[in-house]
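# Reading the structure
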Amino acid sequence: MGEVREMGMNQTTKTKETRHILALSGGKDSSALAVYLLGKIPDLEYVFCDTGEELEETYEYINKLQNVLCKAVTWLKSEKDFKYYLDLYNGVLPDANTRWCTRMLKLRPYEDFIGNDPVISYVGIRADESHRKGYISTKPNIKTVFPFIESNVRHDDVLRLLDEAGLGLPEYYKWRSRSGCYFCFFQQKREWVGLLENHPDLFKKSMNYEKTDPREGGTRFTWNDDESLTELAQSERIAQIKNEYEKRKIRMSNAFIGNQKLRDIWIEEESGLTCERACNICHL
Ligand code: SF4
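This structure is a prediction, so every number in the text was calculated from the model and none was measured. For every chain, the first residue of the written sequence is number 1, and numbering continues from 1 onward in sequence order. The predicted origin of the model limits local features to residues at a pLDDT of at least 70 and limits the giving and counting of side-chain atom pairs to 80 or more, whereas totals for whole chains, interfaces and linings rest on all residues. For the side-chain quantities, the full set of heavy atoms in the structure was used; hydrogens and water were omitted.

As a further point, take the packing of helix 1 (residues 28-36) against helix 6 (residues 155-164). Between helix 1 and helix 6, the least distance of the axes is 9 Å, while the angle of their chain directions is 65°. Crossing hand, helix 1 versus helix 6: left-handed. Residues K28, D29, S31, A32, V35 and Y36 of helix 1 pack against H155, V158, L159, L161 and L162 of helix 6. Within the contact of helix 1 with helix 6, the residues separate by chemical class into 7 nonpolar, 2 polar and 2 charged. Here, axes are lines fitted to C-alpha atoms. For helices the fit covers the stretch in contact, and angles between N-to-C directions go from 0 to 180 degrees. Secondary structure elements are defined from DSSP: runs of H or I of at least 4 residues count as helices, runs of E of at least 2 residues count as strands, and each element is numbered from the N terminus. Less than a right angle of anticlockwise turn of the near helix away from the far helix marks a crossing as left-handed, whereas a clockwise turn marks it as right-handed. Throughout, a contact is declared for two residues whenever any of their heavy atoms are within 4.5 Å. Under the convention adopted here, Pro, Cys and the residues Ala, Val, Leu, Ile, Met, Phe, Trp and Tyr are nonpolar, Asp, Glu, Lys and Arg are charged, and Gly plus all remaining residues are polar.

Each residue is tested against the molecule or strand, and it is near if at least one of its non-hydrogen atoms lies within 4 Å. By nearness alone, 11 residues border the ligand, and C101, T102, C181, C184 and C282 come closest of all. Within the residue set of the shell around the ligand, elements represented by two or more residues are helix 4 (100-114) and helix 12 (280-283). A class-by-class count of the residues in the shell around the ligand yields 8 nonpolar, 3 polar and no charged.

Once that is clear, we can look at the nonpolar core. Counting 28 residues, the largest nonpolar core has F82, F183, W192, L195, Y209 and W223 as its most contacted members. Breaking this core down by element, the ones donating at least two residues are helix 3 (82-88), helix 4, helix 7 (189-198), helix 8 (200-209), helix 9 (229-232) and helix 10 (235-255). How far each domain reaches was decided by an automatic or database domain assignment. Domain assignment of the residues forming this core places at least three in each of domain 1 (4-176) and domain 2 (189-271). Leave out the neighbours within four places in its chain, and F82 touches E53, P94, W100, L105, F183, Y209 and W223. Counting residues in each nonpolar core, the second largest holds 27 residues, with Y46, Y61, V73 and Y122 among its members. What makes a nonpolar core is a set of buried Ala, Val, Leu, Ile, Met, Phe, Trp, Tyr and Cys residues whose side-chain atoms join them at distances within 4.5 Å. Relative accessibility under 20% of the residue-type maximum defines a buried residue, over 50% an exposed one, and the middle range a partly exposed one, all with a 1.4 Å probe and only protein chains included.

One can describe the packing of helix 7 onto helix 8 by two numbers: an axis separation of 5 Å at closest approach and a directional angle of 120°. Viewed along their axes, helix 7 and helix 8 adopt a mutual orientation that is oblique. Residues W192, L195, L196, E197 and N198 of helix 7 touch helix 8, and the partners they reach there are P200, L202, F203 and S206. Considered class by class, the residues forming the contact of helix 7 with helix 8 number 6 nonpolar, 2 polar and 1 charged. Under this scheme an angle from 65 to 115 degrees is roughly perpendicular, one under 35 degrees roughly parallel, and one over 145 degrees roughly antiparallel; angles in between are oblique.

Another aspect to go through is the packing of aromatic side chains. Classification of ring pairs uses Phe, Tyr and Trp, with its six-membered ring standing for Trp, and accepts pairs whose centres are within 6.5 Å; under 30 degrees between planes counts as stacked, over 60 as edge-to-face, and the remaining range as tilted. Following the criterion strictly, the structure yields 19 aromatic pairs and no others. Summarising the aromatic geometry, the rings of F82 and F183 are spaced 4.6 Å apart at their centres and angled 40° between planes, so their arrangement reads as tilted. Here F82 is found in helix 3, whereas its partner F183 is found in the loop between helix 6 and helix 7, with 101 residues between them in sequence. For the pair formed by F82 and F183, the shared burial category is buried.

Under the convention used throughout, the expected extent of a helix is 1.5 Å for every residue step, that is, one less than its residue count. For helix 2 (residues 56-69), with 14 residues, the first-to-last C-alpha span of 20 Å sits near the 20 Å given by 1.5 Å per residue. In this fold, the buried residues of helix 2 make contact with strand 3 (19-24), helix 1, strand 4 (44-50), strand 5 (74-77) and helix 6. C70 sits one or two residues past helix 2 and shows a positive phi near 55°.

Below, the discussion takes up the environment of E197. You can see E197 is positioned in helix 7. Take E197: its relative accessible area is 48%, and that puts it in the partly exposed class. Once residues within four sequence positions are removed from consideration, E197 is found in contact with I238 and K242.

Mapped onto the secondary structure, V47 falls in strand 4. Through-space distance from the C-alpha of V47 to that of F113 is 9.3 Å; in sequence the pair is 66 residues apart. If we ignore the near neighbours within four places in the chain, the residues touching V47 are I21, L22, A23, L24, V73, T74, L76, Y110 and F113.

We now examine the sheet that holds strand 7 (residues 142-145). A pair of strands is considered paired only if DSSP assigns at least 2 bridges between the two. In spatial order, the strands read 5-4-3-6-7; together these 5 strands make up an open sheet with parallel pairing. Of all the strands in the sheet, the pair left with one neighbour each is strand 5 and strand 7. On average, each strand axis in the sheet is inclined to that of its neighbour by 35°, with strand direction left out of account. Where strand 4 lies against strand 5, 4 bridges are found, and the strand directions are parallel. Paired with D50 across the strands is K77, a residue of strand 5. Where helix 2 meets the sheet, it contacts strand 3, strand 4 and strand 5, and its direction lies at approximately 170° from that of strand 4.

Following this line, the structure appears as structure tokens:
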């Protein structure tokens, strides 16, 4: 399938086989896609772009997945780490607009790995979130495909695929709805609380990355625009966040009874993955 022809400087002709690559995030959808494509795409390569700031549970889940796939996942890592880039960006934390973390720690290693080879890149966006944009490289040698959308695979199908493979969900789904770095700025307030309760050391590390000038109107480099992690970690604030989340859950679960469309919206809102915001190489 898919041979391309390249002309070199000296006009000699060579052909290159198309590579098939699935970038795993350590989340449920890309993992379910790996299971779904088992035996369907010969020579499918699996990669994981490790930012070095992932949760331990993510590494454990990728290891479990390797056993199910009976194939090694290629670990990709940037030569320079998060701290290096943070210094390079003058201590300005990444956010949903700049996303330098995704570019430097995920996309660049992925594109370096691909090089100029013709590639079909498999992305696990589901049929019930088909408006969401995947990582679509601007590199002309990469073609992105969405098997779940083509085959109408939805949220419940993904859960079934993972259950049947004996994988289930990654452990962190008990308190968090996404894969990616423990300090990811896309996470919701209740997930920050989850980080504090499940990984106090990582919460503290995230807190230490924040810089707040205590003078009135002083510059704040915080993961959330509206409050620092020190403020969020106050017991009254934690209780308020949990309370708001519980109320919202009840409101939404009543709202979507018998309405699949609303249910889909809730599932997506629950994970905070609105189409323009999330990075799919991190959060699928
Ligand atoms: S998971 Fe979040 S913090 Fe990490 S690289 Fe992706 S967008 Fe950036």
